[in-house]
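Now for the letters of each chain:
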Amino acid sequence: MDEARPTTDGIAFERGRILALGDGPARAAARSSGGRVVDLGGRVVVPGLIDGHLHLELGGQALLRLDLSKARSRGAFESAIRERAATLARDGRPDAWLVAGGWNEDDYPGRTTPDRTWLAGAGDRPAVAWRMDHHACVVNDAVLDAIRATHGSAALEHDPDGGRIERDGSGRPTGLLQEAAAWRLVSPLVPSPTIDERREAVLLAHRYLASLGVTAVGSMEYASILREAIEPMRNAFDVRMRVTILDRDWPADGRFDRTIAACIEGIRQDELLGIVGMKAFIDGTLGSRTARMLEPYEGLSGSDALGLFVELALPDERGRSHLEPWLRAVRAAGRSPSMHAIGDAAVRAALDAIDASDRLDGPNPQPARIEHAQTVHPDDLPRFKGRWASMQPLHKAFDARSALERLGPKRMDRFFPFRSLKRHGARLAFGSDWPIVSPDPILGLRAAITGRDIDEVVCRPEENLDPREALAAYTVDAAACLGLADAGVLREGAFADCTVLDRDPYGCDWVRTPPAVVATFMGGRRTYAAEEGDGGAMSAPSAR
Ligand SMILES: [Zn+2]
């Protein structure tokens with residue numbers, strides 16, 4: 001990924017950095033410092049893979065909660081719920097909530113959306129099952145009762161701003177809550193994990209990511225979790241973390257600066273952990289039809305047909321959104337504003353806010369990141385020139401299955417325009433959004449390179465990237481997007497972060513035999529090595 005030196009045949013590490021490149025110089029460096037030489041036997045070393053957008057602590061929690069992503073029918077969903085309820089009962093935890101996640105109605109015959117009856121196996125125990133995108137959840141009667149008890153008996157009678165409560169023919173909640181309805185009514189009721197459980201989740205997440213070849217992440221976290229569960233574990237990190245703060249309880253007086261300062265205060269910025277920016281949500285998701293579109297969703301009419309603007313993007317009494325003052329305040333604090341925008345109207349709102357910030361304050365070195373950019377109107381493509389689109393190829397692979405049904409044929413040219421964005425000068429940083437989908441970067445690379453969705457149907461191949469472009473978005477460009485100057489590239493003086501693959505990513509067949517990760521190094525320390533028969537073991541030096 002170093003344009004001045006695209007390939008080499010040897011590499012030497014010292015004290016967490018790259019000391020020398022080239023077989024001769026690397027061997028000489030090893031000799032003079034008494035280092036060990038490892039022959040990789042023709043395997044290929046690439047810069048350590050970087051996931052530009054995930055939720056590390058939540059991902060660790062997802063490794064601990066009930067995973068419904070493999071339940072491909074109502075029956076499988078229900079039996080998973082029953083089994084987990086039985087386990088909780090057996091463990092002597094009568095009051096514990098049953099927390100599950102990962103469902104997706106696209107997986108079920110007829111695309112039926114779950115309702116509270118699917119959770120019957122939980123009995124009287126409160127049960128919540130999050131949709132894979134975390135923008136909706138289904139809850140049982142015990143939770144609906146708890147919402148009424150906490151938020152008042154009328155809490156479920158009207159949709160909250162930026163949210164939706166699904167109702168049946170008689171007006172009764174079905175148990176499905178979307179966006180703000182899920183976040184504001186349900187999330188606060190779910191008992192939080194203890195600090196020890198969160199720390200366990202953080203460590204589990206680090207180990208898991210290293211096993212996938214990941215050496216650095218852009219992670220979305222709440223400031224309190226960063227302080228209590230992440231920062232104290234920094235000596236055990238396997239991946240570098242560049243955190244974007246999710247806190248967004250903005251004061252009514254519009255003093256964003258104070259809240260931002262409070263969130264970032266006291267976190268030491270170093271090579272392992274730092275705060276890169278702040279997050280704002282402009283809309284929801286395509287899957288939940290809550291992403292904000294310029295034109296109605298296919299087959300919808302009425303007030304819901306365009307999806308939703310949420311939070312700072314909701315107009316105030318004077319009809320103004322608060323995105324632009326927020327964005328300027330984040331940049332003024334020396335951080336990178338990150339805006340969740342999936343619908344083409346939300347992407348346009350993000351671009352408008354960046355334009356306004358640039359116009360009022362001049363060019364700013366803090367990259368404004370548009371997260372997801374899953375649909376972009378053709379008129380807005382040129383507006384991405386020199387700007388960051390932080391995208392998730394595996395989201396394309398999941399959403400492709402229902403994109404036509406959501407968008408209709410005339411708008412499919414707006415869906416995940418990787419190559420069109422690049423052609424217009426956008427900078428692409430790739431990631432996963434784990435735990436919404438798998439953080440396995442090989443799966444993401446494959447989706448970006450082949451255009452295949454998770455049913456192996458090719459979707460919009462004209463937007464495919466070549467392996468080098470896709471790898472750049474997972475390494476050198478993701479690093480630049482996250483302000484990690486010394487990562488994402490194998491160059492003398494850069495971090496000794498690298499991923500060893502069993503085959504050449506530029507020469508392999510990405511459809512049939514994509515590469516497998518054999519080993520991962522972060523700061524010169526081996527953080528993962530495949531087991532024998534697991535893609536091939538590698539004898540590697542001890543950590544030094
Ligand atoms: Zn996310």
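In short, a report on the structure. (Residues numbered from 1 in each chain as written. Predicted model: local features only at pLDDT ≥ 70, side-chain atom pairs only at ≥ 80, totals over all residues. Heavy atoms only, no water.)

### Re the coordination of the zinc ion
Thought 1: Taken together, the protein ligands of the zinc ion are His53 (NE2), His55 (NE2) and Asp433 (OD), with distances of 2.0 to 2.1 Å.
Thought 2: Here the donor residues of the zinc ion share one chain and are spaced in sequence as H-x1-H-x377-D. Exposure class is identical for His53 and His55. Each is buried. (Donors = N, O, S within 2.8 Å, 3.2 Å for Na, K, Ca; no water. Buried < 20%, exposed > 50% of the residue type's maximum accessible area, 1.4 Å probe, protein only.)

### Comments concerning the nonpolar core
One recurring pattern in soluble globular proteins is that nonpolar side chains are buried together.
Thought 1: In terms of nonpolar packing, the biggest core is built from 94 residues, with Trp326, Met339 and Phe384 touching the most fellow members.
Thought 2: Per-element tally for this core: the top contributor is helix α10 (residues 344–361), with seven residues.
Thought 3: When residues no more than four places from it in sequence are discounted, the contact partners of Phe384 are Val347, Leu351, Ile370, Ala373, Val376, Ala389, Leu421, Gly425 and Ala426.
Thought 4: Counting residues in hydrophobic clusters, the runner-up holds 24 residues, among them Val143, Ile165, Met220 and Leu308. (Core = buried A, V, L, I, M, F, W, Y, C linked by side-chain atoms within 4.5 Å. Helix = DSSP H or I, 4+ residues; strand = E, 2+ residues; numbered from the N terminus. Contact = heavy atoms within 4.5 Å.)

### Regarding the state of the cysteines
Thought 1: Scanning the model with the defined rule gives zero disulfides in all.
Thought 2: Cys263 forms no disulfide, and the closest cysteine sulfur to it belongs to Cys481, at a distance of 20 Å. (Disulfide = S-S within 2.5 Å.)

### Quick look at the sheet that holds strand β9 (residues 163–167)
Thought 1: Across the sheet, six strands lie side by side as β5-β6-β7-β8-β10-β9; this open sheet has mixed pairing. Sheet topology places β5 (66–67) and β9 at the edges, where each strand pairs with a single neighbour.
Thought 2: With four bridges joining them, β9 and strand β10 (residues 173–179) adopt antiparallel strand pairing. By the bridge assignment for β10, Ile165 is matched with Leu177. (Pairing = 2+ DSSP bridges.)

### Things to note about the sheet that holds strand β18 (residues 498–501)
Thought 1: In spatial order, the strands read β3-β18-β19-β20; together these four strands make up an open sheet with antiparallel pairing. Both outer strands of the open sheet, β3 (44–47) and β20 (525–529), are each paired with one neighbouring strand and no more. The average angle at which neighbouring strand axes cross in this sheet is 20°, direction not considered.
Thought 2: Strand direction decides the pairing type here: strand β19 (residues 517–522) and β20, joined by four bridges, are antiparallel. Pairing of Ala519 across the sheet is with Ala529, part of β20. (Axes fitted to C-alpha atoms, helices over the stretch in contact; angles between N-to-C directions.)

### Focus on the packing of helix α13 (residues 441–450) against helix α14 (residues 467–474)
Thought 1: Remark: α13 packs on α14, axes separated minimally by 9 Å, with the N-to-C direction vectors making an angle of 140°. On the basis of the axis angle, α13 is oblique to α14. For the pair α13 and α14, the sense of crossing is right-handed. Two secondary-structure elements touch here, α13 through Pro441, Gly444, Leu445, Ala448 and Ile449 and α14 through Pro467, Ala470, Leu471 and Tyr474.
Thought 2: Within the contact of α13 with α14, the residues separate by chemical class into eight nonpolar, one polar and no charged. (Parallel < 35°, antiparallel > 145°, perpendicular 65-115°, else oblique. Left-handed = near helix turned anticlockwise from the far one by under 90°. Nonpolar A, V, L, I, M, F, W, Y, C, P; charged D, E, K, R; others polar.)

### Focus: the packing of aromatic side chains
Thought 1: What the rule picks out here adds up to 11 aromatic pairs.
Thought 2: Plain terms: the ring middles of Phe430 and Tyr474 are 5.6 Å apart, the flat faces sit at 65° to each other, and that makes the pair edge-to-face. Taken together, the residues Phe430 in strand β17 (residues 427–430) and Tyr474 in helix α14 connect sequence positions 44 residues apart.
Thought 3: On the accessibility criterion, Phe430 (0% relative accessible area) is buried.
Thought 4: Look at Tyr474 and you get buried, because its relative accessible area is 3%. (Phe/Tyr/Trp six-rings, centres within 6.5 Å; stacked < 30°, edge-to-face > 60°.)

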